[in-house]
Amino acid sequence: MQKPNKRLEGQTAIVTGANSGIGAAIALALGRDGANVVVNYVSHPEAAEELAHQIDTEDLCGNALAIQCDVSKEEQVVTMFRQAIDHFGTVDICVPNAGLQRDAHLHEMTLADWQMVLDVNLTGQFLCAREAIREFLHRGMRPKVSKSLGKIIHTSSVHQIIPWAGHANYAASKGAIVMLMESICQEYAPHKVRCNSIAPGAIKTPINKAAWDTPAALAELNKLIPYKRIGVPEDIGSVAAWLASDESEYVNGTTIFVDGGMTCYPGFTENG
Ligand code: BGC
């Protein structure tokens, strides 16, 4: 574990999809840097409550609150922000992270598979970013806690640039996040909002279990990773905590790929 750092003390973060995988690691990393954290979940309340309890009780961490909300539903997102603001006073850091896959070959993909992925992965990120910006603008600067009015950190994917056969809905949702994030930056940076994305590569979480849960699958996966190891959620958590802090103050409108080099197309090492 990294040494605790107080760089987010006095700030409140909402992390969506925070009861497992990458979201949980981000919530914990922000909490360990002193932020109060809303641990959002849609199912498995026990996992969210357990993480919130860990953040609440661990030395030097901020406080935590688990809130259930389906990020694809406007009224639920509005209510989650209202609950967070009532509880902690404001929101300083928004990490729209909740995402899912409904994989199918395109000719077999149902509209429901397409729509669900776009609703959660893209509309959910829009709704959370919009509510965060509304709160940032309404609240105004808090120079004692941050140099920025607020920070938004989208969770994207290497598939915002790497096409992905059998996952067109997922890749389309992540490709769209680039333009969402960069447009938010262009529009609100003059207000001192920072909006960036983290694009994880293959990170060991339930979403891609089939790609790592046998030695043969893992060996295949490693062919796509120049660094030759699968990522772990903490690889993303530490970047998110830095992006949320004033240490990255001049970083705005950028996607940080955290992928062990996956976007350097290792398939071309001996080919092409
Ligand atoms: C996907 C994973 C996949 C990784 C690399 C992620 O965005 O959710 O399933 O392993 O990209 O392909």
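For clarity, every value in this text was computed on a predicted model and none was experimentally measured. (Residues numbered from 1 in each chain as written. Predicted model: local features only at pLDDT ≥ 70, side-chain atom pairs only at ≥ 80, totals over all residues. Heavy atoms only, no water.)

### Digging into the site of the ligand
1) Next: Around the ligand, the structure places Q101, S157, H159, W164, Y170, G201, A202, I207, N208 and M262.
2) Next: In the model, an oxygen atom of the ligand is placed 3.2 Å from a nitrogen or oxygen of the N208 side chain.
3) Next: Out of a free accessible area of 310 Å², the ligand has 90% covered by protein chains.
4) Next: Of the residues contributing to the shell around the ligand, the split by class is 5 nonpolar, 5 polar and no charged. (Near = heavy atom within 4 Å. Polar contact = N/O pair within 3.5 Å; in protein donor to acceptor, adjacent residues only side chain to side chain. Areas by Shrake-Rupley, 256 points an atom, 1.4 Å probe, with all protein chains shown as cover. Nonpolar A, V, L, I, M, F, W, Y, C, P; charged D, E, K, R; others polar.)

### What about the sheet that holds strand β1 (residues 12-15)?
1) Next: If you walk across this open sheet you meet the 7 strands as β3-β2-β1-β4-β5-β6-β7, and the pairing is parallel. Since the sheet does not close on itself, it has two edges, and those belong to β3 (64-68) and β7 (255-258), each with one partner. Across this sheet, the average inter-strand angle for adjacent strands is 15°, counted without regard to direction.
2) Next: Bridge count between β1 and strand β2 (residues 36-41): 4 bridges; the pairing is parallel. When the sheet's bridge partners are listed, V15 is paired in β2 with V39. (Pairing = 2+ DSSP bridges. Helix = DSSP H or I, 4+ residues; strand = E, 2+ residues; numbered from the N terminus. Axes fitted to C-alpha atoms, helices over the stretch in contact; angles between N-to-C directions.)

### Things to note about unusual backbone geometry
Note: most residues except glycine have negative phi, and most peptide bonds are trans.
1) Next: The backbone of H44 sits at a positive phi, close to 55°, despite the residue not being glycine.
2) Next: One non-glycine residue, K192, lies in the positive phi region at around 75°.
3) Next: Examined against the element boundaries, K192 turns out to sit in the loop between α5 (168-188) and β6 (193-200).

### Some thoughts on the nonpolar core
1) Next: Membership of the largest hydrophobic core comes to 34 residues, with the highest contact counts inside it found for V15, I26, L30, V39, I55 and I198.
2) Next: Those elements that provide at least two residues to this core are β1, α1 (21-32), β2, α2 (45-57), β3, β4 (93-95) and α7 (233-244).
3) Next: Here this core takes 7 residues from α1, the largest share from any one element.
4) Next: Those residues in contact with I55, other than ones at most four positions away along the chain, are A27, L28, G31, V37, V39, C61, G62, N63 and A64.
5) Next: In terms of nonpolar packing, the next biggest core, distinct from the first, is built from 33 residues, V38, V117, L180 and Y188 among them. (Core = buried A, V, L, I, M, F, W, Y, C linked by side-chain atoms within 4.5 Å. Buried < 20%, exposed > 50% of the residue type's maximum accessible area, 1.4 Å probe, protein only. Contact = heavy atoms within 4.5 Å.)

### Concerning the environment of G260
1) Next: Mapped onto the fold, G260 is located in the segment after β7.
2) Next: The class for G260 is partly exposed, based on a relative accessible area of 34%.
3) Next: For G260 and S248, which are 12 residues apart along the polypeptide, the C-alpha to C-alpha distance reads 21 Å.
4) Next: With residues near it in sequence (within four places) discarded, G260 still touches I225, P226 and Y227.

### Overview of the packing of α1 against α2
1) Next: Their axes nearest at 9 Å, the elements α1 and α2 cross at an angle of 15°. Regarding the angle of α1 to α2, the classification is roughly parallel. Between α1 and α2 lies a crossing of right-handed hand. Residue-level inspection shows A24, A27, L28, G31 and R32 of α1 in contact with α2, the latter providing L51, Q54 and I55.
2) Next: Among the residues forming the contact of α1 with α2, the class breakdown is 5 nonpolar, 2 polar and 1 charged. (Parallel < 35°, antiparallel > 145°, perpendicular 65-115°, else oblique. Left-handed = near helix turned anticlockwise from the far one by under 90°.)

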